[in-house]
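# Tertiary structure, described
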Amino acid sequence: MEKRLLLGDEAIALGAIHAGLSGVYAYPGTPSTEITEFIQSNAKEIRSRWCTNEKTAMEAALGMSFAGKRALVCMKHVGMNVCADAFVNSAITGVNGGIVVLAADDPSMHSSQNEQDSRFYAKFAMVPALEPSNQQEAYDMMASAFNLSEALREPVVLRIVTRLAHSRAAVTVGNQKPQNPLNVSNERWVLLPGIARKRYADLISKQPAMLEASETSIYNKTEHGDESKKLGIIACGIGYNYVKEAIGDKANILKISQYPLPVEAIKKLASENEAILVVEDGQPVVEEQVAGILGAGYPVKGRLTGDLPRQGELNPDSVAKALGLPYGPVFEPAKNLAGRPPQLCQGCGHRDVYTALNQVAAEYPDHRIFGDIGCYTLGALPPFQALASCVDMGASITMAKGAADAGLFPSIAVIGDSTFTHSGMTGLLDAVNDKSNITVIISDNLTTGMTGGQDSAGTSKYEAICLGLGVEPEHLHVVVPLPKNMPEITRILREEIEYNGVSVIIPRRECIQTAARHARERRIKNEEEKK
Amino acid sequence: MKKDIILCGVGGQGILSIATIIGEAATKAGLYLKQAEVHGMSQRGGDVQSNLRLSTDPIWSDLIPEGKADVVISMEPMESLRYLPYLAKTGTIVTSSKPFINIPNYPDESTLQAELDNLPSVVKLDIDSVAKDAGNPRGANMVLLGMAAPYIEILTVEQLRKAISVIFARKGEAIVESNLKAFDMGVEATK
């Protein structure tokens, strides 16, 4: 046994390695990225190359499971939408080697466009979910989750939130378990209706076992500390920490870290107390279900009743307030304070792209520029304020197409290199097939920049991909986004906006963050060679 | 004993290095520790902060409650004010005095400094100049850590020095020495 100071993400990664993991399949996304990075740096024997998107990741994991080995799929919460088809159907096929689907939710949207709660997905697919309350549980739960997955022969969701993913604490860790041997399934995971109906019946028949696992789980436990019995607290995941911070041992708490909900434990807590407060980070998934379990007459408080804020992450203050505890005294907020939003780095190629775009677009007062997900989304903020939209991975091209179909001109899309291979390629094919009048900018910085510079799946292949999808060679251009090239870039932009059809312009210059890192690595290597 | 610390500044100023060093020292000292960081989008020139909790007893929440931070350690004066509601009434702000202006609506500097000076306990210093004097212009964060050392209390100056040596060890002896020098000048400056 050894103690290590680990981020929640790192605890999950190490827990998976020690649980006999054979492959991690992931697309970078805050706050999940560090899990795969840790495995890449610390366990070379585990397959860990970044995937093109969350759907390819989920499907590859299902294939590894079919062959008998343990696979981990990691993504941020919105990645669950991308892989949902594969994920929901993996509950119908069931698994052979264990699969853990790690969904990192982002309540308060620190780095996201919504705060959807992945526990809904687990319930939707009818599979168990685990939700660690601290870094130690995050580590311990990986082995539990893989064992549960193989015992039930179903995928298991592990749901975390940003505050756990990106917080460090000491974790006691064990030893590495060997990987499963190759053990290819002899079943046929062919979801034709006749077979799927039978497998869905199997999934339904496993529900009592999943419930039993929750009722007896070591991660769900009741504490008694309040003789008044006025309030029972259901505390989920890290919500438990805020309750303990506020009230210590003087409360009646049912800590829930494993789903489906332990119905008997909830009924017991309700029978022993006059009301229930549900403390959960994310959406009121549990609160709604508890209200249903206990019926209309029983008082259930939480985010829906306004006892806790309806949106945003929980914190020790909102929870203490919901518990009616005294607050303050505190300093008033400062007067001399201005917001400091994130911005594109000085010297970043995306800046030159927006400078050029804004210059040309100004000649067309009716223009709209549809944006996408990545560093370049910051082009929506001052000083550029260039973007009309940013919705989901790939939506720049398809929204530009739809708006052009409706008659908008000029209709322009800006998408990054990694986002283009994630979900932009299929939309570009639609546009080419329809000969849509759009101009697509693939701003290529040779990396997945926003999440810290991971490999981008299509690097060195973009011209070939575009030509392969049918973009006409004379309307495909590569430029270097630098101030000195502004006349050339703006000329090409003007010409291609005027072309009635699909044009693709690829401004290509390495991300200055990864360029600096690569220069540093080269310098260190040179120094070592001199020695 | 328990110390709740908010580290803050602008993305890229090196607050996570300060957190790593305090974390190393606390681990070696056998303290309980929780350290919540900000990664991802806000790192790009935006405001960043880290909640650092050190204690001789187990810690529950990763986040510090309002009015409970013993120290706010800031690489930038306006950023130090952003977390004022978290500072305990008896707490101290340790901050760089030099504004980092990358926004058009940065407050008037003299009113900003006046608001800081009106608070009960503020220690401020032009850490960039001190770091330059120490021959280590990139070591401003170590100067700041040195300034804050007496207020961290739960760790000694010597424990923090040792942690600096450990964290920078792989970058070579010269880097360790220049960071220790910057740290020591920070300690001296606030004596």
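In this text, all values refer to a predicted model and were calculated from it rather than measured experimentally. (Residues numbered from 1 in each chain as written. Chains lettered and ligands numbered in written order. Predicted model: local features only at pLDDT ≥ 70, side-chain atom pairs only at ≥ 80, totals over all residues. Heavy atoms only, no water.)

## A look at the overall build of chain B
Within chain B, the regular secondary structure consists of seven helices and six strands. Computed over the C-alpha atoms, the radius of gyration of chain B is 16 Å, within 12% of the 16 Å expected from 2.2 N^0.38 for a compact globule of 191 residues. Oriented by its inertia axes, the alpha-carbon framework of chain B measures out at about 40 × 40 × 35 Å. Residues counted as buried form 59% of the 191 residues belonging to chain B. (Helix = DSSP H or I, 4+ residues; strand = E, 2+ residues; numbered from the N terminus. Rg over C-alpha atoms; globule rule 2.2 N^0.38 Å. Buried < 20%, exposed > 50% of the residue type's maximum accessible area, 1.4 Å probe, protein only.)

## Here we look at the nonpolar core
As a rule of thumb, soluble globular proteins bury nonpolar side chains together. Residues and elements named next belong to chain A. Counting 106 residues, the largest nonpolar core has Ile39, Leu72, Phe87, Leu158 and Ile234 as its most contacted members. Per-domain counts for this core show at least three residues from each of domain 1 (2–180 + 189–205) and domain 2 (221–322). Setting aside residues no more than four positions away along its own chain, Ile39 makes contact with Ala13, Ile17, Leu21, Val24, Ile46, Ser48 and Leu72. Ala356, Ile442, Leu476 and Leu493 belong to the second-largest nonpolar core, a separate cluster that totals 51 residues. (Core = buried A, V, L, I, M, F, W, Y, C linked by side-chain atoms within 4.5 Å. Domains from an automatic or database assignment. Contact = heavy atoms within 4.5 Å.)

## Looking at the layout of surface pockets
One water molecule sets the probe size; rolling that probe over the atoms shows where empty space is left. Residues and elements named next belong to chain A. Size it by volume and the second largest pocket reaches roughly 750 Å³. Among the elements of the structure, α4 (79–82) and α17 (417–433) are those that each provide at least two residues to the lining of the second largest pocket. A per-element tally of the lining of the second largest pocket places α17 first, with eight residues. Considered class by class, the residues forming the lining of the second largest pocket number 12 nonpolar, 25 polar and four charged. Here the lining of the second largest pocket spans two domains, and each of domain 1 (2–180 + 189–205) and domain 3 (349–514) adds at least three residues to it. (1 Å grid on protein atoms, 1.4 Å probe; cavity = no way out; pocket = protein on both sides within 12 Å on 5 of 7 lines; lining within 4 Å. Points joined across faces, edges and corners; volume = space filled by probe spheres on them. Nonpolar A, V, L, I, M, F, W, Y, C, P; charged D, E, K, R; others polar.)

## Digging into empty space enclosed by the protein
Residue and element names in this part refer to chain A. Considering all chains together, one arrives at six cavities of 30 Å³ or more under this definition. In this structure, the largest cavity spans a volume of roughly 110 Å³. In terms of lining residues, the largest cavity is bounded by 13 residues, among which Cys345, Cys348, Cys375, Asn445 and Cys511 are the most central. Put simply, the parts of the chain that give the lining of the largest cavity at least two residues each are α15 (349–361) and α20 (512–530). Partitioned by chemical class, the residues of the lining of the largest cavity number six nonpolar, five polar and two charged. There is about 70 Å³ of room inside the second largest cavity. The residue inventory of the lining of the second largest cavity, partitioned by class, reads one nonpolar, five polar and two charged.

## Topic: the sheet that holds strand β7 (residues 167–173) of chain A
Strand order in the open sheet made by the eight strands is β1(A)-β7(A)-β2(B)-β3(B)-β1(B)-β4(B)-β5(B)-β6(B), with mixed pairing throughout. Each edge of the sheet is formed by a strand with only one pairing partner; in this case those strands are β1 (2–7) of chain A together with β6 (122–125) of chain B. With strand direction ignored, the average angle separating the axes of adjacent strands in the sheet is 20°. In this structure, strand β2 (residues 32–36) of chain B lies alongside strand β3 (residues 47–55) of chain B, joined through five bridges in antiparallel fashion. Within β3 of chain B, the residue paired with Lys34 of chain B across the bridge is Arg53 of chain B. (Pairing = 2+ DSSP bridges. Axes fitted to C-alpha atoms, helices over the stretch in contact; angles between N-to-C directions.)

## Considering the interface of chain B and chain A
Taken together, the contacts link 49 residues of chain B with 46 residues of chain A. Overall, the association of chain B and chain A removes approximately 4200 Å² of surface from exposure, summing both partners, and the carbon and sulfur fraction of that is 55%. At the boundary of chain B with chain A, the tally comes to five salt bridges. In this structure, Arg340 of chain A and Glu79 of chain B form a salt bridge, with 2.6 Å as the shortest nitrogen-oxygen distance. Counting across the interface, chain B meets chain A through 20 residue pairs in polar contact (both at pLDDT 80 or more). (Buried area = accessible area lost by both parts, 1.4 Å probe. Salt bridge = Lys/Arg side-chain N within 4 Å of Asp/Glu carboxyl O. Polar contact = N/O pair within 3.5 Å; in protein donor to acceptor, adjacent residues only side chain to side chain.)

## Structural notes on the pairing of strand β2 (residues 23–26) of chain A
Residue and element names in this part refer to chain A. Residues of β2 alternate between two faces, with Gly23 and Tyr25 on one and Val24 and Ala26 on the opposite face, all of them buried. Alignment of β2 against strand β3 (residues 71–76), held across four bridges, turns out to be parallel. Within β3, the position partnered with Val24 by the bridge is Leu72.

## Side note on the packing of helix α1 (residues 15–28) of chain B against helix α5 (residues 140–152) of chain B
All names here are of chain B. Direction vectors running N to C along α1 and α5 enclose 45°, while the axes themselves pass 10 Å from each other. Compared by their axis directions, α1 and α5 come out oblique. The two elements α1 and α5 cross, and the hand of that crossing is right-handed. Contact with α1, carried on its side by Ser17, Ile18, Ile21 and Ile22, involves Asn141, Met142, Leu144, Leu145 and Ile152 of α5 and no other residues of that element. In terms of residue class, the contact of α1 with α5 is built from seven nonpolar, two polar and no charged. (Parallel < 35°, antiparallel > 145°, perpendicular 65-115°, else oblique. Left-handed = near helix turned anticlockwise from the far one by under 90°.)

## What about the domain arrangement of chain A?
Interfaces are frequently sized by the accessible area removed from exposure as the parts join. The domains assigned to chain A are domain 1 (2–180 + 189–205), domain 2 (221–322) and domain 3 (349–514). For domain 2 of chain A versus domain 3 of chain A, the distance between C-alpha centres works out to 47 Å.

## Some points on the state of the cysteines
Disulfides are covalent bonds that link the sulfur atoms of two cysteine residues. Residue and element names in this part refer to chain A. All chains considered together, the criterion is met by zero disulfides over all chains. Summary of cysteine pairing: Cys345 is not part of a disulfide, and the nearest cysteine sulfur, belonging to Cys348, is at 6.1 Å. With relative accessibility at 18%, the residue Cys345 sits in the buried group. (Disulfide = S-S within 2.5 Å.)

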